[in-house]
Amino acid sequence: MDISYGKSIAETLFNLYKNNDTNMVNMGDIFAMIDNSGVRRSDPRLSTFLGKITENFGQPAGEDLNSFISNLNADEETFYKLLDDNLVLLYQIIRNDVVIPDWASFTEQVTEMFNKCKTNQGGEVASYIPQLAAYDPDLWGMSICTIDGQRFSLGDVNTKFTIQSCSKPFTYAICLSELGNEGVHKYIGQEPSGRNFNDLSLDPSNKPHNPMLNAGAIMSSALILQNILPREGVAAKYEFLLKYMTRMAGNEVIGFNNSVFLSERENAYRNFAMAYYMQENKCFPEGTDIHDCLDLYFQSCSLEVTSESLSVLGATLANGGICPITGENVLNPCAVRDTLSLMYSCGMYNYSGQFAFKVGLPAKSGVSGCVLLVIPNVMAISLWSPPIDSIGNSVRALQFCEELVNVYSFHRFENLNNLVTQKIDPRRQSYEEKTHGSLTLFFAAITGDVSSLNRHHLQGVDMTICDYDGRTALHLAAAEGRMHAVKFLLETCRVPPSPQDRWGHTPQEEAFRFKHDEVGRFFDNHLK
Ligand code: GLN
């Protein structure tokens, strides 16, 4: 970063947080601010900051890091030295320039939803292999990771489980990133199949219907083996997958469950049948060894994650391929867009259509009871509870998704023009968006476009909003002599009749000043 710019940010921070008596900043205050934003103290983007603190002040052995930090005070010079490498993130946090600015209210509401779903006793734990059947049906975890790395977790979020079918969007995204669109779509379709996830069928051009079903995911494995790394041995190919997943998970837990892998392979008659069927139909790239290919498929299903790490994996998708907590660009954004499109139409087994209708967000579920929900450009939520319904989706996770979009306007089509919604939008509004809303409102007032004013009003736009000069829509409509618009603003929207602009002018004065006497007199009824 430009040194003088960095210095001025550090100076601003120092002055904002310094104790005027001691001229020092308490590091505990800085960390409290970080905590409130939802970003974790352990976030890799802050590791240099934390490292410098312990290095500079010498953390006594055995002392808890948090209490050690809350007693540290830094003078100006030390403060600059400590912050140096992490200024951008810290400055972002201090300005609260994060995608969900009111983190406290958001997490409070989400906690309520989480607790509500906890009591749901529906569904059965998958039993096709003993390793899955052994999971306690009461396990229930939920983790959130936003595109700015704000984190929140509840319940059983550090228990490991196998990722199962939630690996499918990731293996597909890797293929797209590495091979491009054409290299993948020669082999895998994009159509929902309307059939079971392990159905023995291909689309009319003899390709697996889509990569979210077993056939398509087996094909993704074949592409990794045969087209991405044709010359490597199988161990290197597995490592390639594992490393990719680990980067997407920001280096959080990605393990491997060998018992599940062996069990999956032992009980995989259907997947073997599918692979042979595809071989018979010449679906695979030339030279594919279907046993290696199935192995890599079972291995990808047997990768172990926690609800925590799965949320980071998902947040990399939500963030267009850049892992939010490391800042590493792992996937090509076009690959992510295409993956999310198919999660939206095909990610929830035979419930995908209803899920897209009701929840309106891309998601993927796995037979271990996990569901990964992606809110593009906002966050990912991973949900995990082993009991699944007859279609294969976790019962608690499904309920949670529905509760979420009942409260928040996250459904993709919740923001349609003329749609009046009471739902909460917790996302930060950009300057541009806010300004755009006021600009279109002002133009509607100037041109006397009452139906556009009405639309703004119905959408909950603040009709009293003013520009930099203190001019409101009412000032503009009056100055232009737009009687219907003035009437609408005063009588339907009930805006205050005499706001003053920066020169002290009221809308009525503006009407007379520009010789719209009838409009000017109309104000008399409202000014009594
Ligand atoms: N390993 C399972 C299978 O291939 C994964 C299925 C799933 O999660 N739906 O059948």
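Read on for a plain summary of the structure. (Residues numbered from 1 in each chain as written. Predicted model: local features only at pLDDT ≥ 70, side-chain atom pairs only at ≥ 80, totals over all residues. Heavy atoms only, no water.)

This part is about the pairing of strand β5 (residues 141-146). Of all six residues that make up β5, six are buried, and the element is covered over most of its length. Burial along β5 is two-sided: Gly 141, Ser 143 and Cys 145 facing one way and Met 142, Ile 144 and Thr 146 facing the other are all buried. Sheet analysis places β5 next to strand β6 (residues 151-155), joined by five bridges and oriented antiparallel. Across the sheet, residue Ser 143 finds its bridge partner in β6, namely Ser 153. Adjacent in sequence and paired antiparallel, β5 and β6 are bridged by four residues, among which Gly 149 carries a positive phi angle near 80 degrees. Two elements, β5 and strand β12 (residues 379-384), share six bridges in a ladder whose sense is antiparallel. By the bridge assignment for β12, Ser 143 is matched with Ser 382. (Buried < 20%, exposed > 50% of the residue type's maximum accessible area, 1.4 Å probe, protein only. Helix = DSSP H or I, 4+ residues; strand = E, 2+ residues; numbered from the N terminus. Pairing = 2+ DSSP bridges.)

Now for the state of the cysteines. Taken as a whole, this structure holds zero disulfides when the rule is applied. Left unpaired, Cys 346 is separated from the closest cysteine sulfur, that of Cys 166, by 14 Å. Free cysteine Cys 370: the closest other cysteine sulfur is in Cys 166, separated by 3.6 Å. Judged by relative accessible area, which is 0%, Cys 370 ranks as buried. (Disulfide = S-S within 2.5 Å.)

With that out of the way, let us pick up the sheet that holds strand β10 (residues 363-365). Ordered by their spatial adjacency, five strands build an open sheet running β6-β5-β12-β11-β10, and the pairing between neighbours is antiparallel. Each edge of the open sheet is held by one strand with a lone partner, namely β6 and β10. The average angle at which neighbouring strand axes cross in this sheet is 10 degrees, direction not considered. (Axes fitted to C-alpha atoms, helices over the stretch in contact; angles between N-to-C directions.)

What the rule picks out here adds up to 17 aromatic pairs. Here Tyr 238 and Phe 256 contribute two aromatic rings whose centre-to-centre distance is 5.5 Å and whose plane-to-plane angle is 65 degrees, an arrangement assigned as edge-to-face. Within this pair, whereas Tyr 238 is found in helix α11 (residues 234-248), its partner Phe 256 is found in strand β8 (residues 255-256), the two being separated by 18 residues in sequence. The partly exposed category is assigned to Phe 256, whose relative accessible area is 29%. One cation-aromatic arrangement involves Arg 247 over Tyr 244; the distance from NZ or CZ to the ring centre is 5.2 Å. Seen from the ring of Tyr 349, Lys 364 lies directly overhead, with NZ or CZ sitting 4.5 Å from the centre. (Phe/Tyr/Trp six-rings, centres within 6.5 Å; stacked < 30°, edge-to-face > 60°. Lys NZ or Arg CZ within 6 Å of the ring centre and 35° of its normal.)

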